[in-house]
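A structural walkthrough
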Amino acid sequence: GGRGGMGGGRRGGGMGGERGARAAEPPKFPEAKDLQNFNPASLIIDKKKKLSLADSQVAALKGLETKIYERNAALLVRYDSLRSAYRPPSRDAGRDAPAPSADSTRMVAMTQMRGMRTLLDSLAERRRVDVHETLDLIADEKTKKKAAEFVDDQDKKFNELIPQLPAGGGGSGRRGR
């Protein structure tokens, strides 16, 4: 199909003609408190009336909700700490007269971005486990399917928050520039 066009593996859509202009912008990383809101058990508890969940299921989900918050707490603290220290270089850094510190500033920022991205990837992997455990608490297949649709919508919103590293920031093309 025609999905994605020339943008390739973009996440969260894009701005078409601004592609070149946006490449110089440092990625925006979400706050830890925003990421914490993506607890799938909390979502299903909020949708308990639409899903017609039994009180016993809601109680089990509340236990899982607490477990998920506790399980992700240390990772979110580390992420928040790294995000607080993150200082992306300004867009104009090094354009007129490249200072020796401009490269080191960029390297520090790239290292911080990679660290945050690694933590976000870990959180996304944990989220897959959290979703699986949440849906396992719903016995009725029809209700489980409806709950999975709610979780899919939440997944889309979660993925939209996760920035891509700029070109050269990871994977195969790191040294090519």
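Here we summarise the structure given alongside this text. Please read all numbers here as calculations on a predicted model, not as lab measurements. Numbering of residues starts from 1 in every chain and runs along the sequence as written. Per-residue local features of the predicted model are confined to residues with pLDDT of at least 70, and side-chain atom pairs are confined, for both listing and counting, to 80 or more; whole-chain, interface and lining totals are unaffected and use all residues. Hydrogens and water are ignored here; the side-chain numbers use all heavy atoms of the structure.

Regarding the overall build of the chain
When helices and strands are tallied, the chain shows 7 helices and 0 strands. A run of H or I in DSSP counts as a helix once it spans at least four residues, and a run of E counts as a strand once it spans at least two, with each numbered from the N terminus. Along the chain, from the amino end to the carboxyl end, the secondary structure elements read α-α-α-α-α-α-α. Note on exposure labels: buried denotes an accessible area under 20% of the residue type's maximum, exposed denotes more than 50%, and partly exposed covers the range between, all computed with a 1.4 Å probe on protein chains only. Looking at the chain as a whole, 30% of its 177 residues qualify as buried. Residues count as neighbours in contact if any of their non-hydrogen atoms are within 4.5 Å of one another. Long-range pairs, those at least 24 residues apart, make up 81% of the contacts in the chain with a sequence separation of at least 6. Note on areas: Shrake-Rupley with a 1.4 Å probe; residue coverage comes only from the protein chains shown. For the chain, the exposed surface amounts to about 11,500 Å²; the carbon and sulfur share of it is 50%.

Some words on the environment of Gln-57
Within the element layout of this structure, Gln-57 appears in helix H5 (residues 55-85). Judged by relative accessible area, which is 18%, Gln-57 ranks as buried. A C-alpha to C-alpha distance of 9.1 Å links Gln-57 and Ile-45, two positions 12 residues apart in sequence. Contacts of Gln-57, omitting those with residues within four sequence positions, involve Leu-137, Ile-138 and Ala-139.

With respect to the environment of Arg-78
Locating Arg-78 in the fold gives a position in helix H5. Residues Arg-78 and Met-116, spaced 38 residues apart in sequence, show a C-alpha to C-alpha distance of 8.8 Å.

Observations concerning H5
Across its 31 residues, H5 extends 44 Å between first and last C-alpha, which sits within 8% of the 45 Å expected from 1.5 Å per residue. Two axes define the bend at a residue: one fitted to the seven residues ending there, one fitted to the seven starting there, and the bend is the angle between them. At Ala-73, H5 shows its largest kink, close to 45 degrees. Buried within H5 we find Gln-57, Val-58, Leu-61, Leu-64, Ile-68, Asn-72, Leu-75, Leu-76 and Tyr-79. For a helix, the expected span equals 1.5 Å multiplied by the number of residues minus one.

Section: unusual backbone geometry
The backbone phi angle of Ser-52 is positive, close to 55 degrees, even though this residue is not glycine. Structurally, Ser-52 can be placed in the loop between helix H4 (48-51) and H5. Relative accessible area serves as the criterion here: at 62%, Ser-52 is assigned to the exposed category.

Remarks on the side chain of Arg-127
Among the secondary structure elements, Arg-127 is positioned in helix H6 (residues 100-136). With residues near it in sequence (within four places) discarded, Arg-127 still touches Phe-38, Pro-40, Val-151, Gln-154, Asp-155 and Phe-158.

Quick notes on the packing of aromatic side chains
For this analysis, a ring pair means two rings from Phe, Tyr or Trp (six-membered ring only for Trp) whose centres lie within 6.5 Å, classed as stacked if their planes differ by under 30 degrees, edge-to-face if by over 60, and tilted for the remaining angles. This structure, assessed with the given rule, holds 2 aromatic pairs. Measuring from centroid to centroid gives 5.6 Å for Phe-29 and Tyr-86, while their planes differ by 85 degrees, and the two rings are edge-to-face. Separated by 57 residues along the polypeptide, Phe-29 in the loop between helix H1 (19-22) and helix H2 (32-36) and Tyr-86 in the loop between H5 and H6 bring together distant segments of the chain. Given the relative accessible area of 6%, Phe-29 is considered buried. Ring geometry for Phe-38 versus Phe-158: centroids 5.5 Å apart, planes at 70 degrees, classification edge-to-face. Of the two residues, Phe-38 is situated in the loop between H2 and helix H3 (40-46) and Phe-158 in helix H7 (residues 141-161); the sequence distance between them amounts to 120 residues. By relative accessible area, which is 4% here, Phe-158 ends up buried.

A word on H7
Taking 1.5 Å of rise per residue, 21 residues should cover 30 Å, and H7 covers 30 Å from first to last C-alpha, within 8% of that figure. Those residues of H7 lying buried are Thr-143, Lys-144, Ala-147, Phe-150, Val-151, Gln-154 and Phe-158. The arc enclosing the buried residues of H7, seen along the axis, measures out at 125 degrees, which places them on a common side. Structural note: H7 exposes Glu-141, Lys-142, Lys-145, Lys-156 and Glu-160 on the side pointing more than 90 degrees away from its buried face. Each C-beta atom gives one direction from the helix axis, and the arc is the one those directions make.

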